[in-house]
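Overview (structure and organization)
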Amino acid sequence: MEGERCAFFSWKYGHYFEFLSAKDFNIKVRCTLCVGEKVLSTFKNTTSNLKKHLESQHGTVKLTERKLVAQYIVEEMLPINTVDSPSFRAIIKKIPTSVNAELPHRTTFTSYLEKEFTEMERNLKAALNEIDFVSTTADIWTANNRSYMGVTLHWISRTTLERHKVALACRRIRGRHTYDVIGTEIENIHSSYGLLNKVVATVTDNGSNFVKAFQEESTPKDDDVTFSDLSEILSAENESDGQLSLPPHRRCASHTINIICTRDVEKHLTTNAESRAVYRSSTAKCTALWTKSSRSTLASETVEEISKRKLLIPTSTRWNSFFDAVKRIAEIPMGELNTLCTKLGLKCFKDQEYQFLHEYCMAMKPLTAALDILQGDCPYGTLLPTLEVLMQKTQAVKDDLSRMTAIQIRFAGVLDDKDALLAAASCPKFKLRWLRDAGRREQVKQLLTAECCTTAPLANNPASVPSATTSSSQGEMDFFTFVAEPEEETYSAEKEVMDYLMSGYDLQILHKFQSIKTIFLKYNTPTPSSAPVERLFSLGGLVLTPKRNRLSDKRFEKLLLMRYNHCNLT
């Protein structure tokens, strides 16, 4: 047939055209991408005319294979050898591309990803040069018998006041996780991006090795002035080569609250004989339910059949998981709960134990709500208002747990911390409204005023500008008589603070108060929680799967950082 000898029917981009007719040596087709009825004519033995039409009129449908495939591989966390899959390459062949543009194989594609990572890293370093205040979160993660140090970076845009975050590293850590190893690795990561003098704080969990690393190696405060002999400094030069320079340390507030919800609550309940008995018996029966339902498919089906829901299993590495698991059991009516226990061959709950579960959930609800708030993407100024409300709500609950003082003890170093007070006061949505005591409110107001005097921008104290009048025009200017201009009002920190406190609660009002805006940027850049680096590790678990345990440490880090940072591949 004539159609069989036509080049159009075997052309790989023919699906973008609809065949209409053939006459002599020509054929007519309709472009399905054009609006309306766009009819084109071409010779039977060539498709060059149609290809030129695609290139000139439909440039947007020409796909840069490497860019889109790289985005797909990184975002979906797929193995790099996906590009060698015959089925995947068959799909890519159906996409119109430029001349002789074929999808590269794994080796070449890996080199392309290396180049894109280098470009992403270079762009990030260039962007960080324009930022004054940054903060980091750090932690260590273990998977497949390998340990990694993860660090994320956070900053607030001076123009939009939006929060930004990126991952800086997820490097392999070998040997013991001692404080000196941790301190050295954190400093190396900061210095590799030129951040040693920009990091206002680093947030970690309450691990003793992290706490000691910052206690031992942090830079002394400016107030700690010491005088040393020059000869002693020169003689001790070699000894001081190993001294590190780390930023101020902040303990993760979410991890601290989780410790309160678990260890401190258990310790408080077990001090009294009566509460200890009901606590241990009720939690033991809950544990038996969790164990039975998680290890037996028949037991799990029985739970769903009776309670119409699945039980949640507590996980030590997941905050609030114990509370959520107990709450799920307490939501089951007592009759159905004991029926379930009977069918599973477990001890039934007594009235006192069932009542204890409800009281436990009611008492712990403010703590878990505060933990969820602090592990969100919020500024450091959220910490103190959250703790103040938490203590009020805890004391309002009239039960045994309301007498627990673990919050005041665990956060003793934060409740009156200058940085935390300034961070909360400079947040427009909080200001001083979270302070109920009038004396403390006035104290924080004076603290904010004093900080404004220190950080007042030079723009508020403009220098005198020399006159641009030349000597030749001086006589002409003497002819005119002008009314004396009023002197520009000098900067007043008290007035700026008063105007700020009387303004609205939207974040954008900070653009009107430059000194308070600078305070906000400096003290609210840190996050109250180290949850961002934990989310980095969650993504790492999806990249470093058991089937990909041969992935090198360097390549794993690059793939993870590109995924976390959502880099725009070019």
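Bear in mind the structure is a predicted one, so any value in this text is a computation, not a measurement.

**Observations concerning the overall build of the chain**
Secondary structure assignment for the chain yields 23 helices and eight strands. Every one of the 570 residues in the chain was classed for burial, and the buried ones make up 44%. A separation threshold of at least 6 residues defines the contact pool for the chain, and within that pool the share at least 24 residues apart is 67%. Of the accessible surface of the chain, which amounts to about 32,000 Å², a share of 51% is contributed by carbon and sulfur atoms.

**A word on unusual backbone geometry**
Phi at L161 takes a positive value of approximately 60°, unusual for a residue other than glycine. Among the structural elements, L161 can be located in the loop between β5 (146–156) and β6 (163–173). Phi at N320 is positive, roughly 70°, even though this residue is not glycine. Its place among the elements puts N320 in the loop between α10 (297–307) and α11 (321–330).

**Describing empty space enclosed by the protein**
Across all of its chains, the model carries five cavities of 30 Å³ or more by this definition. Every residue along the wall of the largest cavity is listed here: I80, T110, L113, E114, F117, R555, K558, L559 and M562. Those elements giving two or more residues to the lining of the largest cavity turn out to be α4 (106–128) and α23 (553–565). A breakdown of the residues in the lining of the largest cavity according to their chemical character gives five nonpolar, one polar and three charged.

**Let's talk about the sheet that holds strand β4 (residues 134–143)**
Neighbouring strands of a sheet are bound in pairs by backbone hydrogen bonds; such pairs are parallel or else antiparallel. In space, the five strands of this open sheet follow the order β6-β5-β4-β7-β8, with mixed pairing throughout. Two strands bound the open sheet, and with one partner strand each, they are β6 and β8 (249–251). Neighbouring strand axes in the sheet, compared pairwise and without regard to direction, differ in orientation by 25° on average. In this structure, β5 lies alongside β6, joined through ten bridges in antiparallel fashion. By the bridge assignment, I156 is partnered in β6 with R163. In the packing of helix α5 (residues 179–192) onto the sheet, contacts are made with β4, β5, β6 and β7 (199–204), and the angle to β6 comes to roughly 130°.

**With respect to the sheet that holds strand β2 (residues 26–31)**
With respect to topology, three strands assemble into an open sheet ordered β1-β2-β3, the strand pairing being antiparallel. Only two strands of the sheet have a single partner each, and these edge strands are β1 (17–23) and β3 (39–43). Direction aside, the axes of adjacent strands within the sheet are offset by 30° on average. Here β1 pairs with β2 via six bridges, running antiparallel. Looking across to β2, one finds that K23 is bridged to N26. The strands touched by helix α1 (residues 48–57) within the sheet are β1, β2 and β3, with β3 carrying the most contacts at an inclination of about 140°.

**Let's talk about the environment of I173**
Mapping I173 onto the fold places it in strand β6. The spatial distance from the C-alpha of I173 to the C-alpha of I140 is 8.4 Å, given a sequence separation of 33 residues.

**What about the packing of aromatic side chains?**
The tally for this structure, following the rule as stated, stands at eleven aromatic pairs. Measuring from ring centre to ring centre gives 5.6 Å for W141 and F537, while their planes differ by 15°; the resulting arrangement is stacked. Linking W141 in strand β4 with F537 in helix α22 (residues 531–543), this pair joins segments that are 396 residues apart in sequence. Overall, the relative accessible area of 15% leaves W141 in the buried class. Residue classification places F537 among the buried residues on the basis of a relative accessible area of 6%.

**Considering helix α9 (residues 273–295)**
Each turn of an α-helix holds 3.6 residues, which means side chains three or four residues apart point in the same direction. Taking 1.5 Å of rise per residue, 23 residues should cover 33 Å, and α9 covers 33 Å from first to last C-alpha, within 8% of that figure. Summarising the contacts, the buried residues of α9 are in contact with α8 (253–269), α10, α11, α12 (334–343) and α13 (351–374).

**What about the layout of surface pockets?**
Roughly 750 Å³ of volume is contained in the second largest pocket. Looking at the second largest pocket, it is lined by 22 residues, and the ones nearest its centre are S316, T317, R318, W319 and E534. Broken down by class, the residue content of the lining of the second largest pocket amounts to six nonpolar, ten polar and six charged.

**Concerning the packing of α22 against α23**
Between α22 and α23, the least distance of the axes is 10 Å, while the angle of their chain directions is 120°. As summarised for this structure, α22 and α23 are arranged oblique, according to the angle between their axes. Crossing handedness for the pair α22 and α23: right-handed. Contact residues: α22 offers P532, R535, L536, L539, G540 and V543, while α23 offers F556, L559, L560, R563 and Y564. The class makeup of the residues in the contact of α22 with α23 is eight nonpolar, one polar and two charged.

**A short note on the pattern of salt bridges**
In this structure the tally under the stated criterion is 20 salt bridges. One salt bridge in this structure joins E119 and R122, with 2.1 Å as the shortest N-O distance. One end of the pair is E119 and the other is R122, both in helix α4 and three residues apart, which spans about a single turn. Linking D553 and R172 is a salt bridge whose minimum nitrogen-to-oxygen distance equals 3.0 Å. One end of the pair, D553, is in helix α23; the other, R172, is in strand β6, with 381 residues separating them in the sequence. Within the structure, one salt-bridge network assembled from shared partners comprises R146, R172, R174 and D553.

**So, the state of the cysteines**
A complete count under the given rule lists zero disulfides for this structure. Take C348: it sits in no disulfide, and the sulfur closest to it among the cysteines is that of C341, at 5.5 Å.

**What about the packing of α8 against α13?**
Put simply, α8 and α13 touch, their axes get as near as 8 Å, and they point 160° apart. Taken together, the axes of α8 and α13 lie roughly antiparallel to each other. Pair α8 / α13 crosses with right-handed handedness. Residues A253, S254, I257, N258, I260, C261, V265 and L269 of α8 touch α13, and the partners they reach there are F356, Y360, M364, L367, A370, L371 and L374. Residue composition of the contact of α8 with α13, grouped by class: 13 nonpolar, two polar and no charged.

**Quick look at the side chain of T382**
For T382, the position within the fold is in the loop between α13 and α14 (383–396). Within the local environment of T382, its side chain forms a polar contact with the backbone oxygen of P379, the two atoms lying 3.1 Å apart.

Thresholds applied
- Residues numbered from 1 in each chain as written.
- Predicted model: local features only at pLDDT ≥ 70, side-chain atom pairs only at ≥ 80, totals over all residues.
- Heavy atoms only, no water.
- Helix = DSSP H or I, 4+ residues; strand = E, 2+ residues; numbered from the N terminus.
- Buried < 20%, exposed > 50% of the residue type's maximum accessible area, 1.4 Å probe, protein only.
- Contact = heavy atoms within 4.5 Å.
- Areas by Shrake-Rupley, 256 points an atom, 1.4 Å probe, with all protein chains shown as cover.
- 1 Å grid on protein atoms, 1.4 Å probe; cavity = no way out; pocket = protein on both sides within 12 Å on 5 of 7 lines; lining within 4 Å.
- Points joined across faces, edges and corners; volume = space filled by probe spheres on them.
- Nonpolar A, V, L, I, M, F, W, Y, C, P; charged D, E, K, R; others polar.
- Pairing = 2+ DSSP bridges.
- Axes fitted to C-alpha atoms, helices over the stretch in contact; angles between N-to-C directions.
- Phe/Tyr/Trp six-rings, centres within 6.5 Å; stacked < 30°, edge-to-face > 60°.
- Expected span 1.5 Å × (residues − 1).
- Parallel < 35°, antiparallel > 145°, perpendicular 65-115°, else oblique.
- Left-handed = near helix turned anticlockwise from the far one by under 90°.
- Salt bridge = Lys/Arg side-chain N within 4 Å of Asp/Glu carboxyl O.
- Disulfide = S-S within 2.5 Å.
- Polar contact = N/O pair within 3.5 Å; in protein donor to acceptor, adjacent residues only side chain to side chain.

None of this, on its own, says anything about what the molecule does.
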